[in-house]
Amino acid sequence: MRIEEFMNVAAERRSVRTFSRRPVSDEEIRLLLEAAGWAPSNSNRQAWKFVCIKNDGVKQTIAAAVERKAEEIRASLKNPELVAAFTAYGRYLTFFRDAPLVIVALAKRSPSFVERLAKDTGVTL
């Protein structure tokens with residue numbers, strides 16, 4: 001890819017928080033997951049799994065769980081400025097609920113080679 005092409009891709013990138021109801025085809029999902037599989041990972045472990053959710057009921061259940069946890073966090077905050085900031089930010093936590101597809105990335109944390117080497121040699125990082 002030429003630098004100009006990259007700059008165009010970077011400049012045109014957007015954070016989408018409003019979605020059409022157009023269904024995502026199985027072929028589009030396959031391509032998305034293939035692209036995600038090309039992402040670099042620690043020692044090429046690819047310690048991730050992707051769960052694709054199309055079911056509206058499941059998406060609503062996840063959104064409700066996120067809202068409950070967000071309220072728990074908000075209620076634990078003591079600083080009024082943090083409460084206000086968290087409350088304002090809260091609407092972004094569940095914007096996925098109306099998306100036609102939600103892809104949940106699950107990661108299994110695995111120690112890096114350097115962490116394993118340090119542990120084996122007794123060096124503290």
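Rules used in this analysis
Residues numbered from 1 in each chain as written. Predicted model: local features only at pLDDT ≥ 70, side-chain atom pairs only at ≥ 80, totals over all residues. Heavy atoms only, no water. Salt bridge = Lys/Arg side-chain N within 4 Å of Asp/Glu carboxyl O. Buried < 20%, exposed > 50% of the residue type's maximum accessible area, 1.4 Å probe, protein only. Helix = DSSP H or I, 4+ residues; strand = E, 2+ residues; numbered from the N terminus. Polar contact = N/O pair within 3.5 Å; in protein donor to acceptor, adjacent residues only side chain to side chain. Contact = heavy atoms within 4.5 Å. Patch = residues over 30% accessible without salt bridge, like charges linked within 9 Å, V, L, I, M, F, W, Y side chains within 5 Å. Areas by Shrake-Rupley, 256 points an atom, 1.4 Å probe, with all protein chains shown as cover. Lys, Arg positive; Asp, Glu negative; His and termini not counted. Charge placed at Lys NZ, Arg CZ, Asp CG, Glu CD.

1. A short note on the pattern of salt bridges
- With the rule as written, the count across this model stands at 10 salt bridges.
- We note a salt bridge from Glu4 to Arg2, for which the minimum N-O separation is 3.5 Å.
- Note on Arg2: relative accessible area 53%, which makes it exposed.
- Three or more residues joined by partner-sharing salt bridges are found here, namely Arg21, Asp56 and Lys59.

2. Observations concerning the side chain of Lys59
- Assignment of secondary structure puts Lys59 in helix H3 (residues 56–76).
- A polar contact is formed between the side chain of Lys59 and the backbone oxygen of Ala99, at a distance of 2.4 Å.
- If near-sequence neighbours (up to four positions away) are discounted, Lys59 is found in contact with Arg21, Ile53, Lys54, Phe96, Arg97, Ala99, Pro100, Leu101 and Val102.

3. A look at a positive patch on the surface
- A grouping of Arg13, Arg14, Arg17 and Arg91 is seen on the molecular surface, where their side chains present a positively charged patch.
- Mapping Arg14 onto the fold places it in the loop between helix H1 (3–12) and helix H2 (26–37).
- Relative accessible area serves as the criterion here: at 59%, Arg14 is assigned to the exposed category.

4. Some points on a nonpolar patch on the surface
- A surface patch of nonpolar side chains, amounting to about 570 Å² of accessible area, comprises Met1, Ile3, Phe6, Met7 and Val9.
- With respect to the element layout, Val9 can be found in helix H1.

5. Description of unusual backbone geometry
- Positive phi is not limited to glycine here, since Gln46 has a value of about 45°.
- Its location among the elements puts Gln46 in the loop between H2 and strand S1 (48–53).
- Taking relative accessible area as the criterion, Gln46 reaches 36% and is therefore assigned partly exposed.

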